[in-house]
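Chain and residue survey
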Amino acid sequence: MRMVDLIEKKRDGQELSTDEIKFIISGYTDGTIPDYQVSALTMAIYFRGMTEKERADLTMAMVESGDQIDLSQIEGIKVDKHSTGGVGDTTTLVLGPLVAAVGVPIAKMSGRGLGHTGGTIDKLEAVKGFHVEIENEEFINLVNKNKIAVIGQSGNLTPADKKLYALRDVTATVDSIPLIASSIMSKKIAAGADAIVLDVKTGAGAFMKTLDDSKELAKAMVRIGNNVGRRTMAVISDMSQPLGYAIGNALEVKEAIDTLKGEGPRDLTELCLTLGSHMVYLAEKANSLEEARQKLENAILDGSALEKLKVFLSSQGGDASIVDNPSNMPQANYSFELEAKEDGYVAEIIADEVGTAAMLLGAGRATKESTIDLAVGLILKKKIGDQVQKGESLVTIYSNFENIDEVREKLYENIKVSSTKVEAPILIYGEITE
Ligand code: URA
Ligand code: CA
C-alpha cells in the first residue's frame, strides 16, 4: 500500500477501506508516514468528507493506536458523559455524585483546562488533598465500592489523535465534522465506557457556533458510537452564555455543592437532570426517562447525592468538610463588583470572552505550562434576559491582585445591556438518539 495512492483516492472522492485507514493511522503513529502526506490527506477529507463507515474505521484505528482502559471488572453498565467544551460548565462535578447516588457506576477519566475552558481535575483540586493520581486497580475498586472515582488522563490514550489534532491545528483542517467527531469519540471509546451521553454545546462559547453545525456534529458522534457498539446519544445545549453563575475552580465546586443540595442555578440544575436522566436510563437503572429523572430528583431531596459527593472526595484524599463549609476552600483576597453603566436588560454574555476574563484572573491556563489560582474567578449576578439597573452589579470579580482593569474592560466589552426587553435563551435545543 502506498500513501500517495490513498491521498489520490480520497482527493477523487472515493471511499477508503478499513485496511487502508488502519494503514494510514498506524503508519502515522509510528512515524513511517510523514506529516506532509497526512496533511494532504486531511485537507482532502476536509473537502470530500468521510462516509459513515470511514468515520467508524478512523475512530477505531485511533482507539487502537494506544492504551484502552479496561473497565470490565466494574459491575454494571458504565456510562460516560462528555461535553464538547464550555465556560463555567460545572455539570461533571454535579452529575458524577448525582447519578452515582442512584447506582450508576461512574468511572471517569478527566483532564485539565486550557484557555477559556475549565477542566474537571483543576476544579476538584480546589478541594485540599484530593488527587487523581491513582493506580488502575484502586480506581476500579473505588468504583465498585462507591460507584464513583476520577482518574487522570493516561499518557498513552489515542496517541494517533494527539498527533493528528496537532497537525490539523497548523494546517487549517480542525473544522471538519468527520475529523472532530472521530477525534472526540476515539478518546471516549478508549476510556472504556459501555454507553456515552454527549453534551454538544452550541453558541459563542462553544466549538460549534451555529445550531446546524452543532446538530451535525452531534449526529456524527452518535452514529460513530452506535456503529462501534457503544450506546450513544447527544443533548444539544446552549453555550451562548456561561452555564450557571460561577466560573472558576473553587467557585464552581461551591456551585456544584449548591446544586446537589437543590439550591443551584436553574440552568445548571435542568441540564444536569436532563443529561443525568439519559445516563441513568442507558445504565438500565430506570425503565423510562421520567422514572430516571424522578430518581435523580429524589437523590437531591433526600441528601444522598450530597452524601455521595462527600464519600467521593474523601475516598480520593480530599477534605470533605468543604461540602458543609465551602469557605474551607481557597478564598480570593479581593472582590470587586462590575457595575452596570445603564438601565436595561442583559442581552449578551459572550461565553468564551467571559471565560478568557476568568483566565486573566488566573482561573485558567493561557498555555499548558501556566499555573492556576484555584480561588479566583467570576460570579455572574445577571444572566441573559435579566433586568438590570444602573449601578447594580453584573458580576462579582474574585481576584488575588488589585489591578483588574484589563478584566473589567473585557467584561464590559462582552456583557451587553440593551434598552429593550430580551428573552432568555433556550437551554436545550434538542436530543439526538438513534
Ligand atoms: N476536540 C477534540 O477533542 N477534537 C477535535 O478535533 C476538536 C475538538
Ligand atoms: Ca458554572
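Here the structure is shown first, and the text comes after it.
Nothing here was measured: the structure is a model prediction, and the numbers come from that model.

1. A short note on the overall build of the chain
Looking only at helices and strands, one finds 16 helices and 13 strands in the chain. In terms of principal-axis extent, the alpha carbons of the chain reach across some 70 × 50 × 40 Å. Here the chain, with 434 residues, has 57% of them falling under the buried criterion. The contacts in the chain between residues at least 6 apart in sequence include a share of 78% that link residues at least 24 apart. By element, 47% of the accessible surface of the chain is carried by carbon and sulfur atoms, the whole surface being about 18,200 Å². The average position of the 47 basic charges and that of the 65 acidic charges among the side chains of the chain differ by 2 Å.

2. Some details on the coordination of the calcium ion (ligand 2)
Donor atoms from the polypeptide that bind the calcium ion (ligand 2) are Gly88 (O), Thr90 (OG1), Leu243 (O), Ala246 (O) and Glu255 (OE), placed at 2.3 to 2.8 Å. When its relative accessible area of 1% is taken as the criterion, Ala246 is described as buried.

3. Here we look at the site of ligand 1
Around ligand 1, the neighbouring residues are Tyr165, Arg168, Ile180, Ser183, Ile184, Lys187 and Phe207. One of the side-chain N or O atoms of Arg168 is found 2.9 Å from an oxygen atom in ligand 1. For ligand 1, an oxygen atom lies 2.4 Å from a polar atom in the side chain of Lys187. Protein chains bury 86% of the 240 Å² of accessible surface belonging to ligand 1 in isolation. Those elements giving two or more residues to the shell around ligand 1 turn out to be helix 8 (159–169) and helix 9 (177–190). The element contributing the most residues to the shell around ligand 1 is helix 9, with 4 residues.

4. Section: the packing of helix 5 (residues 91–101) against helix 11 (residues 249–260)
One can describe the packing of helix 5 onto helix 11 by two numbers: an axis separation of 9 Å at closest approach and a directional angle of 40°. Judged by the inter-axis angle, helix 5 sits oblique to helix 11. Between helix 5 and helix 11 the crossing geometry is right-handed. For the pair formed by helix 5 and helix 11, the contact residues are Leu93, Val94, Pro97 and Leu98 on the first element and Glu252, Val253, Ala256, Thr259 and Leu260 on the second. A class-by-class count of the residues in the contact of helix 5 with helix 11 yields 7 nonpolar, 1 polar and 1 charged.

5. Comments concerning the nonpolar core
Inside soluble globular proteins, nonpolar side chains tend to come together where they are buried. If you look at the biggest cluster of nonpolar residues, it comprises 80 residues, and the most contacted ones within it are Leu313, Leu378, Val395, Ile397, Leu411 and Ile415. In terms of residue count, helix 12 (residues 266–282) provides more of this core than any other element does, 8 residues in total. The residues contacting Ile415, other than those within four sequence positions of it, are Leu338, Val346, Glu348, Ile349, Val354, Leu394 and Val395. Within the second largest apolar cluster, 34 residues are counted, among which are Val143, Ala149, Val200 and Ala234.

6. Some details on a nonpolar patch on the surface
Together, Met43, Tyr46 and Phe47 make up an exposed nonpolar region whose accessible area comes to about 320 Å². With respect to the helices, strands and loops of the structure, Tyr46 is situated in helix 3 (residues 35–48).

7. Here's the deal with the side chain of Arg168
Note on placement: Arg168 falls in helix 8. Asp161 provides the closest opposite charge to the buried, unpaired Arg168, separated from it by 4.8 Å. Leave out the neighbours within four places in its chain, and Arg168 touches Thr42, Thr173, Val174, Leu179, Ile180 and Ser183.

8. With respect to helix 9
Over its 14 residues, helix 9 runs 20 Å from end to end, which matches the ideal 20 Å to within 8%, given 1.5 Å per residue. A large share of helix 9 lies buried, amounting to 13 of its 14 residues. Just downstream of helix 9 lies Gly192, where phi reads positive at about 95°.

9. Digging into the pairing of strand 4 (residues 195–202)
Counting buried residues along strand 4, 8 of its 8 residues qualify, which places the element largely inside the surrounding structure. Burial along strand 4 is two-sided: Ala195, Val197, Asp199 and Lys201 and Ile196, Leu198, Val200 and Thr202, pointing in opposite directions, are all buried. Note that strand 1 (residues 79–83) and strand 4 share 5 bridges and pair parallel. Bridge pairing in strand 4 links Ser83 to Asp199.

10. Focus on the pattern of salt bridges
Under the definition given, this model contains 25 salt bridges. A salt bridge links Arg365 to Asp122; the shortest N-O distance between them is 2.8 Å. Highlighted residues: Arg365 in the loop between helix 15 (351–361) and strand 9 (377–380) and Asp122 in helix 6 (residues 120–124), separated in sequence by 243 residues. For the pair Arg365 and Asp122, a shared accessibility class is recorded, and that class is buried. We note a salt bridge from Asp324 to Lys310, for which the minimum N-O separation is 3.1 Å. Here Asp324 is found in the loop between helix 14 (304–315) and strand 7 (334–339), whereas its partner Lys310 is found in helix 14, with 14 residues between them in sequence. Assessed through its relative accessible area of 48%, Asp324 is described here as partly exposed. One continuous salt-bridge network, built from bridges that share partners, spans Arg112, Asp122, Glu125 and Arg365.

Rules and cut-offs
Residues numbered from 1 in each chain as written. Chains lettered and ligands numbered in written order. Predicted model: local features only at pLDDT ≥ 70, side-chain atom pairs only at ≥ 80, totals over all residues. Heavy atoms only, no water. Helix = DSSP H or I, 4+ residues; strand = E, 2+ residues; numbered from the N terminus. Buried < 20%, exposed > 50% of the residue type's maximum accessible area, 1.4 Å probe, protein only. Contact = heavy atoms within 4.5 Å. Areas by Shrake-Rupley, 256 points an atom, 1.4 Å probe, with all protein chains shown as cover. Lys, Arg positive; Asp, Glu negative; His and termini not counted. Charge placed at Lys NZ, Arg CZ, Asp CG, Glu CD. Donors = N, O, S within 2.8 Å, 3.2 Å for Na, K, Ca; no water. Near = heavy atom within 4 Å. Polar contact = N/O pair within 3.5 Å; in protein donor to acceptor, adjacent residues only side chain to side chain. Axes fitted to C-alpha atoms, helices over the stretch in contact; angles between N-to-C directions. Parallel < 35°, antiparallel > 145°, perpendicular 65-115°, else oblique. Left-handed = near helix turned anticlockwise from the far one by under 90°. Nonpolar A, V, L, I, M, F, W, Y, C, P; charged D, E, K, R; others polar. Core = buried A, V, L, I, M, F, W, Y, C linked by side-chain atoms within 4.5 Å. Patch = residues over 30% accessible without salt bridge, like charges linked within 9 Å, V, L, I, M, F, W, Y side chains within 5 Å. Salt bridge = Lys/Arg side-chain N within 4 Å of Asp/Glu carboxyl O. Expected span 1.5 Å × (residues − 1). Pairing = 2+ DSSP bridges.

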